[in-house]
Amino acid sequence: MIRPSFDHLPTHYPFMLGLEQFKTEALLAGRLKEAGIEVERGVELLSFCDTGDQVSAKLKHPSGAETTETFDYLLGADGAHSTVRSGLGLKLEGETLDATWITADVKIRWDRDPSEFVALLSEDGIAFIAAMNDDRWRVIVTDPEMTHEQAQKASLGEVQNIVNERFRTNIALYDPVWISAFGINTRLAPAMNRGRVFLAGDAAHVHSPLGGQGMNTGIQDALNLTWKLGLVLQGLAKPALLASYDAERHYNAKRLLSRVGPATRMANLRNPVAIEVRNQVIHVLGHLGMSRVVPHVMSMLDVAYPESPIISESRTSWLSRGPRSGERAPDAEELLVSNHREPQRLFALWSGDPRHQLLVFEPRKSKSLRLPSLPSPIS
Ligand SMILES: Cc1cc2nc3c(=O)[nH]c(=O)nc-3n(C[C@H](O)[C@H](O)[C@H](O)COP(=O)(O)OP(=O)(O)OC[C@H]3O[C@@H](n4cnc5c(N)ncnc54)[C@H](O)[C@@H]3O)c2cc1C
């Protein structure tokens, strides 16, 4: 059993937080509504044409009516079978593993700390158990003897048997809210942008749910693109800024797949000798620090854009410490800020402010950080 530890992560939130996807989607829809944006469900994109100065899209409405409408840009966040991606003539390139996994969101009778992520190893496979919220855990298991069709119909009893028999445990699972089977792809589109059309999320990259990175990566794609689109549409930045989206997010997706792909293949081994070697290696690495590496990768705190065309760096000395351009700014504790009485935390100062931030450090002897007063946010 491997128990990754989150304590060492450079964050104020050193734990796993599980929130079901439908709840995440409801939260996002709520924020859109607050901003006066209504999501039109049931409108299907049939086809589109990028004319160079706009994109025309043929839409089918829930009533069955079809309309053609024009937009400045098109973002295809339409999942693994993306109409937008195929309209661009791009394919998801990579591999599909010959494997079916089962995932079950259940309650478990045990006294484990919900901040733990548990991996069970046996010669018959790997099982992962991670805490969700509401006292529930997500169990992900393989059973090499099940066909995809059998796995799709798996009952709680069958999942229970796999966990207990294959992994020699007596963990009691109960009260399932979701049991489902999934196949495993590790695939990436060759680009995430052509002209005025962009791809985000599973439309551009798909991989196994090991590590829980899929939806989070899609949301970060959207976040990366939308502030740039916002500036361009308001005439505050040149359209060339948008090229950094593909440079940054395609680079990130490729790096993610290069980590998740091999980990998934390792989890999916069938050869008994290879399985034994893998389990021994994981046990040794577990003692040597794998329990620290896995959370570091899962946390995505190391997402960086060193090759982005919109960053540059000027250093007075190569020996200077601190993050390099394109790297995530570390949270800083106990900052003395000239217009605050108490020491501040950097991310707390930035929280809720969507503007770009400029940090100006005064010479060490003044012991305080001066925050210039900024104009109000652009509406
Ligand atoms: C078992 C399992 C567990 C997972 N666990 C995690 C996890 O713990 N953490 C995590 O981050 N990720 C997880 N993922 C991955 C995550 O679910 C996906 O990465 C995420 O749903 C992708 O979101 P998306 O919006 O890109 O695509 P989708 O969720 O596929 O949404 C695409 C949407 O586009 C719509 N659409 C498609 N075509 C059209 C069209 N022509 N016109 C209009 N609309 C269209 C679809 O109806 C759909 O609503 C998991 C996945 C699986 C299978």
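Residues numbered from 1 in each chain as written. Predicted model: local features only at pLDDT ≥ 70, side-chain atom pairs only at ≥ 80, totals over all residues. Heavy atoms only, no water.

1. Structural notes on the overall build of the protein chain
No. 1: Looking only at helices and strands, the protein chain has 8 helices and 14 strands in total.
No. 2: The proportion of buried residues among the 379 residues of the protein chain is 37%.
No. 3: Nonlocal contacts in the protein chain, meaning residues at least 24 apart in sequence, comprise 61% of its contacts between residues at least 6 apart.
No. 4: In the form shown here, the protein chain has an accessible surface area of approximately 22200 Å², with 54% of it arising from carbon and sulfur atoms. (Helix = DSSP H or I, 4+ residues; strand = E, 2+ residues; numbered from the N terminus. Buried < 20%, exposed > 50% of the residue type's maximum accessible area, 1.4 Å probe, protein only. Contact = heavy atoms within 4.5 Å. Areas by Shrake-Rupley, 256 points an atom, 1.4 Å probe, with all protein chains shown as cover.)

2. A short note on the site of the ligand
No. 1: Taken together, 20 residues sit near the ligand, with Gln21, Leu45, Thr83, Asp202 and Met215 positioned nearest.
No. 2: With the chains in place, 61% of the 1000 Å² that the ligand exposes on its own is no longer accessible.
No. 3: Secondary-structure elements contributing two or more residues to the shell around the ligand are strand 1 (44-50), strand 9 (172-188) and helix 5 (214-233).
No. 4: At 3 residues, the largest contribution of residues to the shell around the ligand is made by helix 5.
No. 5: Here the residues of the shell around the ligand are counted per class, giving 7 nonpolar, 9 polar and 4 charged.
No. 6: For the shell around the ligand, the domains that each give at least three residues are domain 1 (21-93 + 187-298) and domain 2 (96-185). (Near = heavy atom within 4 Å. Nonpolar A, V, L, I, M, F, W, Y, C, P; charged D, E, K, R; others polar. Domains from an automatic or database assignment.)

3. Description of the packing of aromatic side chains
No. 1: Counting across every chain of the model gives 6 aromatic pairs.
No. 2: Pairing Trp110 with Trp137 gives two aromatic rings, centres 5.0 Å apart and planes at 80 degrees, and the pair type is edge-to-face. Linking Trp110 in the loop between strand 5 (93-109) and strand 6 (117-122) with Trp137 in strand 8 (residues 137-142), this pair joins segments that are 27 residues apart in sequence.
No. 3: Owing to a relative accessible area of 22%, Trp110 belongs among the partly exposed residues under this scheme.
No. 4: Judged by its relative accessible area of 5%, Trp137 is buried.
No. 5: With a centroid separation of 6.0 Å and 20 degrees between ring planes, the pair formed by Phe347 and Trp350 is classed as stacked. (Phe/Tyr/Trp six-rings, centres within 6.5 Å; stacked < 30°, edge-to-face > 60°.)

4. A word on the sheet that holds strand 8
No. 1: Taking strand neighbours across the sheet as the criterion, the 6 strands line up as 6-7-8-5-9-12 in an open arrangement whose pairing is antiparallel. Looking at the sheet topology across the chains shown, the edges are occupied by strand 6 and strand 12 (205-206).
No. 2: On top of the sheet, helix 4 (residues 156-166) reaches strand 5, strand 6, strand 8 and strand 9; it is set at about 80 degrees to strand 9, its chief contact. (Pairing = 2+ DSSP bridges. Axes fitted to C-alpha atoms, helices over the stretch in contact; angles between N-to-C directions.)

5. Things to note about the pairing of strand 8
The two faces of a sheet get side chains in turn, since along a regular strand they alternate between them.
No. 1: Along strand 8, 5 of the 6 residues are buried, which leaves the element largely enclosed by surrounding structure.
No. 2: Strand direction decides the pairing type here: strand 5 and strand 8, joined by 6 bridges, are antiparallel. If you follow Val106 over to strand 8, its bridge partner there is Trp137.
No. 3: Sheet topology note: the strand 7 (residues 125-131)/strand 8 ladder contains 5 bridges and is antiparallel. The partner of Ala130 across the bridge, within strand 8, is Arg138.
No. 4: Hairpin connection of strand 7 to strand 8: 5 residues between the antiparallel strands, including Asp134 at a positive phi of 50 degrees.

6. What about the sheet that holds strand 3 (residues 66-71)?
No. 1: A sheet is described by the order of its strands in space; here 3 strands give the open sequence 1-2-3, paired in antiparallel fashion. Here the strands that pair on one side only, and so sit at the sheet edges, are strand 1 and strand 3. Looking at each pair of strands side by side, their axes are set apart by 20 degrees on average, direction ignored.
No. 2: Two elements, strand 1 and strand 2 (residues 55-60), share 6 bridges in a ladder whose sense is antiparallel. Following the sheet pairing, Glu44 is matched in strand 2 by Lys60.

7. As for the side chain of Gln160
No. 1: Looking at the secondary structure, you find Gln160 in helix 4.
No. 2: A distance of 2.4 Å separates the side chain of Gln160 from the backbone oxygen of Ile171, its partner in a polar contact.
No. 3: Among residues more than four places away in sequence, those in contact with Gln160 are Ile171, Ala172 and Leu173. (Polar contact = N/O pair within 3.5 Å; in protein donor to acceptor, adjacent residues only side chain to side chain.)

8. What about empty space enclosed by the protein?
No. 1: All chains considered together, the criterion is met by 1 cavity of 30 Å³ or more.
No. 2: Looking at the largest cavity, the residues that line it are Gln213, Thr217, Asn252, Arg255, Leu256, Arg259, Val297, Met300, Asp302 and Val303.
No. 3: Per-element tally for the lining of the largest cavity: the top contributor is helix 6 (residues 243-267), with 4 residues.
No. 4: Along the lines of polarity and charge, the residues of the lining of the largest cavity split into 4 nonpolar, 3 polar and 3 charged. (1 Å grid on protein atoms, 1.4 Å probe; cavity = no way out; pocket = protein on both sides within 12 Å on 5 of 7 lines; lining within 4 Å. Points joined across faces, edges and corners; volume = space filled by probe spheres on them.)

9. Considering the nonpolar core
Burial of nonpolar side chains together is a common tendency in soluble globular proteins.
No. 1: Phe48, Val84, Val197, Leu199 and Leu242 are the most contacted members of the largest nonpolar core, which totals 28 residues.
No. 2: Breaking this core down by element, the ones donating at least two residues are strand 1, strand 2, strand 11 (197-199) and helix 5.
No. 3: By residue number, the principal contributor to this core is helix 5, which donates 4 residues.
No. 4: Non-local contacts of Val197, meaning those with residues more than four positions away in its chain, are made with Phe48, Asp50, Val55, Leu74, Val84, Leu88 and Met192.
No. 5: By size, the runner-up hydrophobic cluster in this structure holds 22 residues, among which are Ala104, Ile108, Val118 and Trp137. (Core = buried A, V, L, I, M, F, W, Y, C linked by side-chain atoms within 4.5 Å.)

10. As for helix 4
Turn by turn, an α-helix covers 3.6 residues, leaving residues three or four places apart pointing in a common direction.
No. 1: Val159, Gln160, Ile162, Val163 and Arg166 are the residues of helix 4 that are buried.
No. 2: Looking at the packing, one finds that the buried side of helix 4 touches strand 5, strand 6, strand 8 and strand 9.

11. What about unusual backbone geometry?
No. 1: Even without a glycine there, the phi angle at Asp175 is positive, about 50 degrees.
No. 2: Structurally, Asp175 is set in strand 9.
No. 3: By relative accessible area, Asp175 is classed as partly exposed at 36%.
No. 4: The backbone of Met300 shows a phi angle near 60 degrees, a positive value even though the residue is not glycine.
No. 5: Relative to the assigned elements, Met300 resides in the loop between helix 7 (272-299) and helix 8 (346-350).

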